[in-house]
Amino acid sequence: MRVGIGYDSHRFADGGGRKLILGGVEIPHPQGLAGHSDADVVAHALTDAILGAAALGDIGGMFPETDPRWKDCSSLYLLDEAYRAVRARGLALAQCDLTVIAERPRLAPHVAEMRRKLATVLLVDPGVVSIKGKTNEGMGWIGRGEGIAAIAVALLE
Ligand code: MG
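A brief look at the structure comes next. (Residues numbered from 1 in each chain as written. Predicted model: local features only at pLDDT ≥ 70, side-chain atom pairs only at ≥ 80, totals over all residues. Heavy atoms only, no water.)

## So, the pairing of strand β4 (residues 93-101)
(1) Moving on: Where β4 and strand β6 (residues 147-156) come together, 8 bridges link them in antiparallel fashion. Paired with aspartate 97 across the strands is valine 153, a residue of β6.
(2) Moving on: Where β4 meets strand β5 (residues 129-134), 6 bridges bridge the pair, whose relative direction is parallel. By the bridge assignment for β5, aspartate 97 is matched with serine 130.
(3) Moving on: In this region the chain leaves β4, passes through helix α4 (residues 111-121) and returns to the parallel neighbour β5; the handedness of that crossover is right-handed. (Pairing = 2+ DSSP bridges. Helix = DSSP H or I, 4+ residues; strand = E, 2+ residues; numbered from the N terminus. Right-handed = clockwise from strand over helix to strand, strands pointing away.)

## Quick word on the layout of surface pockets
(1) Moving on: Put simply, the largest pocket is a space of about 180 Å³.
(2) Moving on: Lining of the largest pocket is provided by 13 residues; of these, Ser37, His44, Ile59, Phe63 and Glu65 occupy positions nearest its centre.
(3) Moving on: Mapped by element, the contributors of at least two residues to the lining of the largest pocket are β1 (2-11) and α2 (59-62).
(4) Moving on: Counted by class, the lining of the largest pocket contains 5 nonpolar, 6 polar and 2 charged residues. (1 Å grid on protein atoms, 1.4 Å probe; cavity = no way out; pocket = protein on both sides within 12 Å on 5 of 7 lines; lining within 4 Å. Points joined across faces, edges and corners; volume = space filled by probe spheres on them. Nonpolar A, V, L, I, M, F, W, Y, C, P; charged D, E, K, R; others polar.)

## Some details on a nonpolar patch on the surface
(1) Moving on: On the surface, Val3, Ile5, Tyr7, Trp141, Ile151 and Val153 cluster together into a nonpolar patch covering about 570 Å² of accessible area.
(2) Moving on: At the level of elements, β1 and β6 are the ones that each hand at least two residues to the nonpolar patch.
(3) Moving on: Per-element tally for the nonpolar patch: the top contributor is β1, with 3 residues.
(4) Moving on: Structurally, tyrosine 7 is set in strand β1.
(5) Moving on: You can call tyrosine 7 partly exposed: its relative accessible area is 47%. (Patch = residues over 30% accessible without salt bridge, like charges linked within 9 Å, V, L, I, M, F, W, Y side chains within 5 Å. Areas by Shrake-Rupley, 256 points an atom, 1.4 Å probe, with all protein chains shown as cover. Salt bridge = Lys/Arg side-chain N within 4 Å of Asp/Glu carboxyl O. Buried < 20%, exposed > 50% of the residue type's maximum accessible area, 1.4 Å probe, protein only.)

## Points about the packing of helix α1 (residues 41-53) against helix α3 (residues 75-88)
(1) Moving on: Close contact between α1 and α3 brings their axes to 9 Å; oriented N to C, the two are set at 5°. For the element pair α1 / α3, the angle class is roughly parallel. Across from Ala43, His44, Leu46, Thr47, Ile50 and Leu51 in α1, the residues of α3 making contact are Ser75, Leu78, Leu79, Ala82, Tyr83 and Val86. (Axes fitted to C-alpha atoms, helices over the stretch in contact; angles between N-to-C directions. Parallel < 35°, antiparallel > 145°, perpendicular 65-115°, else oblique. Contact = heavy atoms within 4.5 Å.)

Set out below in structure tokens:
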């Protein structure tokens, strides 16, 4: 058994025009997150946890922001690519647990769909993928609604 941790954060983009994508789900919200890919902070934290458990580096090393291939790319695709590399090492996901910290929007209505989307990419039952949404109680940059952060732990076997 091997355990990995992942953390990611993205700021909200200035102005409109960006979709808010979390865990592969498009969430209705006036602002999207800024980033080179679709800025899916949930998928990014999980990708780093899985890569970390396999000691395969991190998402930035595997998919550099300087590479135009990943511009506006779906982060589910990045997760899929990373997990292929992990499986090629003879490892498979046993379980993962995520906390998403956002003052808004409210995440609870979207958690089930996020779990389904991520589980499909990871070839597991949604029961293996846990996601919890939290606010930051109004404190700091998350509390001011400047961005969203996510923490993930993944267990590989
Ligand atoms: Mg990221």
